[in-house]
Amino acid sequence: MTKQILVTGGAGYIGSHTAKRLHQAGFTPVVLDDLTLGHEWAAKFGPFVRGSIADSELVKRTLEQHDIQAVIHFAASSSVGESVSNPRKYVHNNVFGTVSLLDAMLEVGVKRIVFSSTAATYGNPAYSPLDEAHPTNPINPYGESKLYLERVMHSYETYGLRWMALRYFNAAGADPAGELGELHTPESHLIPLCIEAALGKRRLQIFGTDYATPDGTAIRDYIHVFDLADAHIKALAYLEGGGSSGACNLGMGKGFSVLEVIRAVERVTGLTVPFDPAPRRAGDPPELVANPSKAQATLEWHAQFTGLDQIVETAWGFFKTRG
Ligand SMILES: NC(=O)c1ccc[n+]([C@@H]2O[C@H](COP(=O)([O-])OP(=O)(O)OC[C@H]3O[C@@H](n4cnc5c(N)ncnc54)[C@H](O)[C@@H]3O)[C@@H](O)[C@H]2O)c1
């Protein structure tokens, strides 16, 4: 069984939670993170190497020194809006960085990778919930960068690469023990924004209140970060067991509107979330919900955190721990 796993971006939100779950499952997560967005305190479940995925010599040295057999690759720039205003950053950090990482892996004989992909590879939904057969027509450079990398990994099968791209919908929640959580600067994700609003630190803006949804606000599929983390561990086992490369959706298969999330945060915190309606954002579809059947069948993975309030409780728990 593979024991030493390189976790790129393991000081970030999903990466740090995955490193914790790997550690709890008996693996040694070796975190490589340049700390542009992550937190060194969150990289505490195994060796930490500070540096970039684009530093080929560092990557090769790390893979060899720690006897790594597989990589879980989170490190990326992942803001949709920024990718529109600064696409070059997404080509450099996501595309060039990941190609450099893949080349370094192959040079030292590491041939398995689990890759953070995204629902943004699909673009505007033609139907809902989305399965993997849905056409991939990304509508922003972030989604394009991730889809292109899925294609690169497919081409690199020629060199013996085996890969699994996990297309996440909306990662949410936090380590229920309160040790880790979501701390992005600037924050763009709905649940932490709602909590900050409930605590009087901001007012929430609702982008679009006139969608063709039951309450007019956009619907998204929220999946708990530990459920995401566990899917990566299942994907490692699947690849190690000879499973074929490809892409899988990761979501709950159930959507919640912005207003439903606000009400959940109010129920859990006992506080009021002040909000203002704002115009729709370009490229925001009314509804993005996953069909997770493929992940359930091929990875034998099932979400454990199935209620919105349960997810919000863990996020709130982390905020309370931080004080
Ligand atoms: N959060 C979500 O809802 C979501 C949804 C879909 C996909 N994703 C993908 O999941 C991954 C993790 O997302 P997150 O929310 O944890 O983001 P995050 O910003 O919290 O974590 C990313 C980490 O990667 C590091 N990093 C960035 N570029 C690097 C580089 N060149 N070399 C080394 N480290 C680098 C950052 O310092 C950070 O710690 C990303 O690839 C993202 O595109 C996230």
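Since this is a predicted model, take the numbers as computed values, not measurements. (Residues numbered from 1 in each chain as written. Predicted model: local features only at pLDDT ≥ 70, side-chain atom pairs only at ≥ 80, totals over all residues. Heavy atoms only, no water.)

**Q** Can you lay out the sheet that holds strand S5 (residues 112-118) for me, pointing to particular residues and giving the numbers?
**A** The seven strands are arranged S3-S2-S1-S4-S5-S6-S11 in an open sheet whose pairing can be described as parallel. Lying at the two open borders of the sheet, with one neighbouring strand each, are strand S3 (48-50) and strand S11 (246-250). In this sheet, adjacent strand axes meet at a mean angle of 20° when their direction is disregarded. As paired strands, strand S6 (residues 162-168) and S11 are joined by five bridges and run parallel to one another. In the strand pairing of S11, tyrosine 168 is matched with leucine 250. (Pairing = 2+ DSSP bridges. Helix = DSSP H or I, 4+ residues; strand = E, 2+ residues; numbered from the N terminus. Axes fitted to C-alpha atoms, helices over the stretch in contact; angles between N-to-C directions.)

**Q** Break down the domain arrangement of the chain for me, citing the residues and quoting the values.
**A** According to the domain assignment, the chain contains domain 1 (4-172 + 222-250) and domain 2 (190-220 + 253-322). Computed from C-alpha coordinates alone, the two centres of domain 1 and domain 2 are separated by 24 Å. Summing both sides of the interface, domain 1 and domain 2 together bury roughly 2300 Å²; the carbon and sulfur share of this comes to 68%. At the junction of domain 1 and domain 2, the tally comes to zero salt bridges. Viewed at the interface, domain 2 and domain 1 are joined by ten residue pairs in polar contact (both at pLDDT 80 or more). Of all elements in the fold, only S6, strand S7 (170-172), strand S10 (222-224), helix H7 (225-240) and S11 reach the threshold of two or more residues within the side of domain 1 that touches domain 2. Top element by residues in the side of domain 1 that touches domain 2 is H7. It accounts for seven residues. Each residue belonging to the side of domain 1 that touches domain 2 can be placed in one class, and the counts come to 18 nonpolar, five polar and five charged. (Domains from an automatic or database assignment. Buried area = accessible area lost by both parts, 1.4 Å probe. Salt bridge = Lys/Arg side-chain N within 4 Å of Asp/Glu carboxyl O. Polar contact = N/O pair within 3.5 Å; in protein donor to acceptor, adjacent residues only side chain to side chain. Nonpolar A, V, L, I, M, F, W, Y, C, P; charged D, E, K, R; others polar.)

**Q** How would you summarise the site of the ligand if you had to cite specific residues and measurements?
**A** If you check the shell around the ligand, you find 29 residues, and the closest are Asp33, Phe74, Asn93, Tyr142 and Lys146. Aspartate 34 has a polar backbone atom sitting 3.1 Å from a nitrogen atom of the ligand. Histidine 184 places a polar side-chain atom, nitrogen or oxygen, 2.9 Å from an oxygen atom of the ligand. Of the residues forming the shell around the ligand, the biggest block, three residues, is contributed by S5. (Near = heavy atom within 4 Å.)

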